[in-house]
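What the coordinates show
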Amino acid sequence: SHDLGQSKSYEEQEAAKKELSPTKPPLRPKPNRVFRRSTTDPSSLGQGEEGMMRFAEEVLMNGDAATAVALFGSLLKELEKKYGLNHRQVARCYHKIGEACLYAGKVELAVSHLEEAISIGSNVLGPHHLDVARSLEKSAEANLKLDYVETSHREYRRALRIKRSHLGLYHPEVAHIHTQLANIYFNCGELLSSQASFEEALDSFRHLSMRAPCWTVKAAETLCSIGSIELARNKFSKAISFFSEASVIQKRFHGVIHPSVIITLDNLAYAHLKCKKIKTASEIYEEMLHAQFSYHQVYNLECYNTLKKLNLVYQKMDNLPAAIEATTEAVSLQKKTNNDEVLLERTMKQLERLRRLNREQLGRRKSVA
């Protein structure tokens, strides 16, 4: 068996597996709706209307979604009165209201307005216009929140075709849709489709990073997502490859002490453990524990959970003295840095248990000798 706690009861083995499970980065995915079609020539907004649009957008960017919805709603009435229903700026305003409703948590209302934006935009600008693609993408996001996965998938796919034809393969907006589709496939259990979409996104981010190094960080995030899929497929050696590359990139950009690095180390250690590379796993968990304490500047529950994983690995290595040393140091750090008596008590109980196990082990060895 590759799992810890091989000599323990079934319940203890299952508990050990659960404790060692790595932190997984979030990966996440309606009935068909009929779009109303509508017909006029587009023209630009008047100065006052454009100013009002910009003001409402600024309000939305500042986080006041409810006020933004009201402002866009007032503007929409003026635009419809001036231009009628079939106008580019009316479609644009419907899109903005939908976006604001989405931020305000009014998801069904957001879908309704975004459908109007798609319908009007398709009539006025054509069904393959970038504005239509952006409304489709935002509608897909809203439908996903409502768990209408099929509709969301269909809208993302349609938006992807439009954006790819306008923007090319290696564009941030194209890569973003690939990532969203990959998340949908993952949550539906379609791991190979998910991996294929993440690899499309990764290819885009690698090309983009040649122009701007910041995209390398997105490439690292995508590598972690592919690594998580390999873990789900029990392809642990491949997972190690993806997580290792991601950790190198993340350390280069963020330094060793960063939440993203910590999550990647957790997954990397788990993958090594499943490949029976126990010593390497212990070294990674040690690095992870140090990074967590350095980042939080206090010994907290995250540190405690990592210590438990590390101690289980030490037990697997038959190295109880190392587990006792690490736990003793943890107790000392807790006494110095925080007043969480409950956590301190739990750590001290763990230390007592390890010392008891060590005494029992030494006793058995003496009796055999």
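Residues numbered from 1 in each chain as written. Predicted model: local features only at pLDDT ≥ 70, side-chain atom pairs only at ≥ 80, totals over all residues. Heavy atoms only, no water.

Together, Val256, Ile257 and Tyr295 give the surface a local cluster of nonpolar side chains, amounting to about 250 Å² of exposed area. Along the chain, Val256 turns up in the loop between α11 (236-254) and α12 (259-274). Val256 gets classed as partly exposed once you look at its relative accessible area, which sits at 38%. (Patch = residues over 30% accessible without salt bridge, like charges linked within 9 Å, V, L, I, M, F, W, Y side chains within 5 Å. Areas by Shrake-Rupley, 256 points an atom, 1.4 Å probe, with all protein chains shown as cover. Salt bridge = Lys/Arg side-chain N within 4 Å of Asp/Glu carboxyl O. Helix = DSSP H or I, 4+ residues; strand = E, 2+ residues; numbered from the N terminus. Buried < 20%, exposed > 50% of the residue type's maximum accessible area, 1.4 Å probe, protein only.)

Here helix α4 (residues 88-103) spans 23 Å end to end across 16 residues, near enough to the 22 Å set by a 1.5 Å rise per residue. Across the 16 residues of α4, 13 count as buried, placing the element largely inside the fold. Count one or two residues on from α4 and you reach Gly105, which has phi positive near 85°. (Expected span 1.5 Å × (residues − 1).)

The next point concerns the pattern of salt bridges. According to the stated counting rule, one finds 21 salt bridges in the structure shown. In this structure, Glu345 and Lys349 form a salt bridge, with 3.6 Å as the shortest nitrogen-oxygen distance. Within this pair, Glu345 and its partner Lys349 are both found in helix α16 (residues 341-368), separated by four residues, close to a single helical turn. Assessed through its relative accessible area of 45%, Glu345 is described here as partly exposed. As a salt-bridge pair, Glu360 and Arg356 come within 3.8 Å of each other at their nearest N and O atoms. With a gap of four residues between them, Glu360 and Arg356 both fall in helix α16, about one helical turn apart. On the basis of relative accessible area, Arg356 is assigned to the partly exposed category, the value being 38%. In the salt-bridge network here, residues are joined through shared partners; they are Glu50, Arg54, Glu57, Arg92, Lys96, Glu99, Lys138 and Glu141.

Another point: helix α5 (residues 107-125). Its 19 residues give α5 an end-to-end C-alpha distance of 26 Å, which sits within 8% of 27 Å, the value for a rise of 1.5 Å per residue. Of all 19 residues in α5, 14 are buried, a share of seventy percent or more. Within two residues after α5, Gly126 carries a phi angle of roughly 100°, on the positive side.

Backbone geometry at Asn234 places phi at a positive 60°, although glycine is not the residue there. As for its position among the elements, Asn234 is in the loop between α10 (215-232) and α11. The backbone phi angle of Asp318 is positive, close to 60°, even though this residue is not glycine. Counting through the fold element by element, Asp318 comes out in the loop between α14 (301-316) and α15 (320-337). With a relative accessible area of 42%, Asp318 lands in the partly exposed category.

What follows covers the nonpolar core. Counting residues in hydrophobic clusters, the biggest one holds 56 residues, and the most contacted among them are Leu231, Tyr285 and Tyr299. Of all hydrophobic cores here, the second largest spans 28 residues; its members include Ala65, Tyr94, Ala117 and Val124. (Core = buried A, V, L, I, M, F, W, Y, C linked by side-chain atoms within 4.5 Å.)

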